[in-house]
Amino acid sequence: MKLLDLLDEAVPGVGTYEDFNTIDWVREKSKDRDRHREITSKSKLSTWALLQSVSDAFSGWLLMLLVGLSSGALAGLIDITAHWMTDLKEGVCLSGFWFNHEHCCWTSNETTFQERDRCPEWKSWAELMVGTPEGASAYIINYLLYVCWALLFSLLAVFLVRAFAPYACGSGIPEIKTILSGFIIRGYLGKWTLLIKTITLVLAVSSGLSLGKEGPMVHVSCCCANILCHLFTKYRKNEAKRREVLSAAAAVGVSVAFGAPIGGVLFSLEEVSYYFPLKTLWRSFFAALVGAFTLRSINPFGNSPLFIRTNIAWCRRRKTTRLGRFPVVEVLLVTLATAVLAFPNEYTRMSGSELISELFNDCSLLDSSKLCDYAERDPAINGSESGNELPDRPAGSGLYTALWQLVLALIFKVVITIFTFGIKVPSGLFIPSMAVGAIAGRLLGVGMEQLAYYHPEWSMLKGWCTPGADCITPGLYAMVGATACLGGVTRMTVSLVVIMFELTGGLEYIVPLMAATMTSKWVADALGREGIYEAHIRLNGYPFLEAKEEYAHQTLAMDVMRPRRSDPALAVLTQDDMTVGQVEELVAATEYSGYPVVVSHDSLRLVGFVLRRDLLIFIENARKHQEGVVSASLVLFGDHPPPQPANGPPPVKLRSILDLCPFTVTDHTPMEIVVDIFRKMGLRQSLVTHNGRLLGIITKKDILKHMAQMANRDPDSILFN
């Protein structure tokens, strides 16, 4: 028996959902099962039907291929363009203005290994204007143009977002998580959002703001998937099936952002997906692999709780004060502060990915970085060098300078990222968080390295620090620090370790990375259970039922259901004795998303449940296309309608839009079980009965409000159903 007595496709709009509402997962899965059952039965009747069945089965893999190709191509375009525009703030390539600094110097015969970024083809703005790269005037010109370019890029980004696609701002991951849980946000994954997000992501990253492109790449990939879903009927017309594709697209986004297809799949499974069947796992891996391969083909040379509370406090202030009314001014002020403070320090002036690469670097004898400026070893202190190993050495003057710059960069990055994440431009959090952790890790690593050099006799170093050997690796400390910081902010665990492994290629670093990830999660959970994305979901009032949050209260369904004792009676429709006019009056007087259908007001024996949107669309269609339908026409939900008067208006039969198997619980069901049912089945509402008699209704919004109230939070912060 079908769960839903499905209606013809002749009435457009029936079976769809209004904006800012939650889908009915049970209904959508039932529709897909019925569709698949029909295709399977027809495939036995003719060769053409069999081919259609094979095409239907293959369409999911074809869609994954298209998602991977499109996401990889866009990621390559974003990478190349952002790298070029970032370098444009400092100078231009005379042999071709479209070359970035690195590419410009590749073909030069005058580039040395120690000064591989210096070549006559690349000119700073000061060299073009005053003819010299050195001196006070050259520094001031470069400084001013750096700030001007940054302001121009950020102004263009915020203007495009405000004018054409307001949903293109932010990282997108909190909204993607909410959409994957079944929430509808029209336009969030549309073509305009994709176009503007791609353009403004390049502008925002190039402006030098403390943000990354990795989180927004998940949004970009999901936009690609949503648009491509319209090419395939089974994904276009079924919201649950579309969310399977979006889960795979989230994996592709991380894959093309980090070049980590396995980590991308685990990220989607662990962090963002709400419903993740086994076939989605296979298809996610396939799509992530295609995306990573496409990116590598296009761009083969591509390279904590305190924070959460402070960022959320600032974002709440932004929403509740006049500051939120002037997003353009806020973006320009943050950009101005970032550019002015970042330029004097080379570690804040470089892009986030370049900074992380520099901090992860293990120093070699030919390295010209200041972080590798070590003095000659004193054999009297720590033995002599042996073999080809590069042993621990005393810090040189360049390294001491770099350490002070890194301390200032750490303070700057922490503070500026708090104000940057959430402004009205595309802004990811992965790279800034990793940069903060990598800086702290490198500082600690160098400190430990110097302790091992000057005090090898200390008990904590004795036994595993052999004199004359490479005992401490500061680059590894930077990796561990980056992993710990990102894990503390996002609460990622397994997926983070795999991403870092794929990013660095160091199998020997797996154990310290795992230890850092788990430690950061335990510490972060002790200070606050929410990650940054969950905190932003709650801040925006989205109806997201977090699977990780435990329900520990001893309440019953009757304590949460509506109507309460002081509320008006429950709004219901009767099976066969209400007119069109009465139904329209009831719908106009209430704002509910659906109505229980009962046998009569006296018995309140449940018949089914009908959605408000379907009801209005069907009645409007009947008035337009069914002759004689007026306000006095009866509305019939039953299989066997009562006899009609011969001269009366024709009735409107709505059995086809009635959900005959709405989910119900009794009034004494513990709320712990109700919450678990809502999570696992993706329900949007459940009816409450007592001895078969309808008492009330519980929606996802009611549950979230109740949970907020029990946790001493504002229940009115839940804005949507």
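Note that the structure is a prediction, hence the values are computed from the model and not measured.

Let us look at unusual backbone geometry. Put simply, Arg562 and Pro563 share a cis peptide bond, and its omega is 5°. The backbone phi angle of Asn691 is positive, close to 55°, even though this residue is not glycine. Along the chain, the position of Asn691 falls in the loop between β10 (685-690) and β11 (693-699). Accessibility expressed as a relative area gives 73% for Asn691, which makes it exposed.

Moving on, we get to helix α11 (residues 261-272). Because an α-helix completes one turn every 3.6 residues, residues spaced three or four positions apart along the sequence face the same direction. Relative to the 16 Å expected for 12 residues at 1.5 Å per residue, α11 spans 16 Å between its end C-alpha atoms, a close match to the ideal helical length. For α11, the complete set of buried residues consists of Pro261, Gly263, Gly264, Val265, Phe267, Ser268, Glu271 and Val272.

Time to look at the state of the cysteines. On inspection of all chains with the given rule, the structure shows 2 disulfides. The disulfide that involves Cys93 links it to Cys104, with 2.1 Å between the sulfurs. The sign of the S-S torsion, about 80°, decides the handedness of the disulfide formed by Cys93 and Cys104: right-handed. Within this pair, whereas Cys93 is found in strand β1 (residues 91-93), its partner Cys104 is found in helix α3 (residues 101-104), the two being separated by 11 residues in sequence. Cys104 shares its class with Cys93; the two are buried. One disulfide in the model links Cys105 with Cys119; its S-S distance is 2.1 Å. The sign of the S-S torsion, about -70°, decides the handedness of the disulfide formed by Cys105 and Cys119: left-handed. Taken together, the residues Cys105 in the loop between α3 and β2 (122-124) and Cys119 in the loop between α3 and β2 connect sequence positions 14 residues apart. Cysteine Cys485 is unpaired, with the sulfur of Cys315 as its nearest cysteine sulfur at 17 Å.

Right, let's talk about the nonpolar core for a bit. Counting 114 residues, the largest nonpolar core has Leu63 and Val425 as the members making the most contacts within it. In terms of nonpolar packing, the next biggest core, distinct from the first, is built from 25 residues, Val580, Leu615, Phe618 and Leu654 among them.

With that settled, consider the packing of aromatic side chains. Under the definition given, this model contains 20 aromatic pairs. Relative to Phe343, the ring of Tyr139 has its centre 5.5 Å away and its plane inclined at 65°; by these criteria the two rings are edge-to-face. Residue classification places Tyr139 among the partly exposed positions, given a relative accessible area of 41%. When its relative accessible area of 7% is taken as the criterion, Phe343 is described as buried. Grouping aromatic residues by their ring pairs yields a cluster made of Trp25, Tyr274, Tyr275 and Phe544. Its end group placed over the ring of Phe343, Arg349 keeps NZ or CZ at 4.9 Å from the ring centre.

An order of β4-β7-β8 is seen for the 3 strands of this open sheet, with the pairing classed as mixed. For this open sheet the edge positions go to β4 (578-579) and β8 (652-653), each flanked by a neighbour on one side alone.

Before going further, it helps to spend a moment on the UniProt feature "domain: CBS" (unreviewed entry) in the protein. Under the UniProt annotation, "domain: CBS" (unreviewed entry) lies at residues 561-627 and 657-715. For the annotated span residues 561-627, helix accounts for 36% and strand for 22% of the residues, and the straight-line distance between the end C-alpha atoms is 41 Å. This span, residues 657-715, is 37% helix and 27% strand, and a straight line between its end C-alpha atoms measures 33 Å.

This part is about the environment of Val675. Within the element layout of this structure, Val675 appears in helix α27 (residues 671-681). Relative accessible area serves as the criterion here: at 1%, Val675 is assigned to the buried category. Once you skip the residues sitting within four places of it in the chain, Val675 turns out to touch Leu545, Tyr551 and Ile703.

Locating Leu429 in the fold gives a position in the loop between α18 (397-420) and α19 (430-454). Residue Leu429 is classed as buried on the basis of its relative accessible area of 0%. Remark: the alpha-carbon pair of Leu429 and Ile532, spanning 103 residues in sequence, is separated by 9.2 Å.

Thresholds, definitions, all that
- Residues numbered from 1 in each chain as written.
- Predicted model: local features only at pLDDT ≥ 70, side-chain atom pairs only at ≥ 80, totals over all residues.
- Heavy atoms only, no water.
- Helix = DSSP H or I, 4+ residues; strand = E, 2+ residues; numbered from the N terminus.
- Buried < 20%, exposed > 50% of the residue type's maximum accessible area, 1.4 Å probe, protein only.
- Expected span 1.5 Å × (residues − 1).
- Disulfide = S-S within 2.5 Å.
- Core = buried A, V, L, I, M, F, W, Y, C linked by side-chain atoms within 4.5 Å.
- Phe/Tyr/Trp six-rings, centres within 6.5 Å; stacked < 30°, edge-to-face > 60°.
- Lys NZ or Arg CZ within 6 Å of the ring centre and 35° of its normal.
- Pairing = 2+ DSSP bridges.
- UniProt positions renumbered as here; feature names shortened; annotations may be inferred.
- Contact = heavy atoms within 4.5 Å.

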